[in-house]
Amino acid sequence: MEFSSDEYFMREALKQAARAFAADEVPVGAVVVRDGEIIARAWNQVEMLKDATAHAEMLAITQAEAAVGDWRLNDCDLYVTKEPCPMCAGAIVHVRLRRVVFGCPDPRGGGAGGLVNLLQMPGLNHSCLTTGGILAAECGAMLKDFFRAKREAC
C-alpha cells in the first residue's frame, strides 16, 4: 500500500474510531493530513467530555489549527470514517479545508452529500473537494457493530 494513499490515511482514522468504540463513544475517527503527514488525530468524545460538539472532526480541526498556527487549513485534508454531519461540514467550510475524504456515507444526516452538501454549496465562501466511500465497508461495519451492541444491552 502506498504510504500517502487515501486508504492508508483512512486506516489511521479507523484506528481512532476503534479508540472511540473502546471508550463507548460512537466510533468515528478522523485525521488531518498536511504535506503527506498526519498533523492531527481525534475520535468522538461527546459522552466523555459532555460536549455535543466533541465530534472527531471538530477535535481534529482544533488540533490541526494548533499544529499549523492558524485557523485556516486550506492546504490540509481531513480523513473521517463517516460522512461529516452538518455541524462538522460547516466548520470544515469555515476553516477552508482543501479536501474531505470519508468512509461510509450518512444518507439521513450527512452534511457532505447525504442529507445536504454544505461542502460544495454555492454561495458559501469556500468549497471542498470530497471523496466518499474509502474503506466504506470497514467504517460502516464498526458503526453497525457498535449500535448492535447498544441495542442488545437494552
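In this text the structure is predicted, and so the values were computed from the model without any measurement. (Residues numbered from 1 in each chain as written. Predicted model: local features only at pLDDT ≥ 70, side-chain atom pairs only at ≥ 80, totals over all residues. Heavy atoms only, no water.)

A. Looking closely at the side chain of Gln16. Within the secondary structure, Gln16 is located in helix H1 (residues 6-22). Those residues in contact with Gln16 that lie beyond four places of it in its chain are Gly29, Ala30, Val31, Arg41, Ala42 and Trp43. (Helix = DSSP H or I, 4+ residues; strand = E, 2+ residues; numbered from the N terminus. Contact = heavy atoms within 4.5 Å.)

B. A look at the sheet that holds strand E5 (residues 129-131). Pairing within the open sheet is mixed, and its five strands lie in the order E2-E1-E3-E4-E5. The open sheet terminates on both sides in strands that have one partner only, identified here as strand E2 (37-43) and E5. Strand-to-strand, the axes of this sheet are offset by a mean angle of 15 degrees, without reference to chain direction. Across the sheet, helix H3 (residues 56-68) lies against strand E1 (29-34), E2 and strand E3 (76-82), angled at about 145 degrees from E2, the strand it touches most. (Pairing = 2+ DSSP bridges. Axes fitted to C-alpha atoms, helices over the stretch in contact; angles between N-to-C directions.)

C. Seen up close, the nonpolar core. Among the nonpolar cores identified, the biggest contains 40 residues, and Met10, Leu78, Ile92, Leu97 and Leu119 are the most heavily contacted of them. Contributions of two or more residues to this core are made by H1, E1, E2, H3, E3, helix H4 (86-95), strand E4 (99-104) and helix H5 (136-153). In contact with Leu97, not counting residues within four places along its chain, are Ile61, Leu73, Cys76, Asp77, Leu78, Ile92, His126 and Cys128. (Core = buried A, V, L, I, M, F, W, Y, C linked by side-chain atoms within 4.5 Å. Buried < 20%, exposed > 50% of the residue type's maximum accessible area, 1.4 Å probe, protein only.)

D. Representation of H4 within the structure. Of the positions making up H4, those classed as buried are Cys88, Ala89, Ala91, Ile92, Val93 and Val95. On the buried face of H4, the contacting elements are H3, E3 and E4. Two residues or fewer past H4, Arg96 is found with a positive phi of approximately 65 degrees.

E. Examining H3 more closely. Between its first and last C-alpha, H3 extends 18 Å over 13 residues, near the 18 Å set by a 1.5 Å rise per residue. Residues Ala56, Glu57, Ala60, Ile61 and Ala64 constitute the buried set of H3. Down the axis of H3, the sector holding all buried residues measures 125 degrees, keeping them to one side. Residues of H3 that are buried in the fold lie against E1, E2, E3 and H4. Gly69 occupies a position one or two residues after H3 and carries a positive phi of about 80 degrees. (Expected span 1.5 Å × (residues − 1). Arc of directions from axis to C-beta.)

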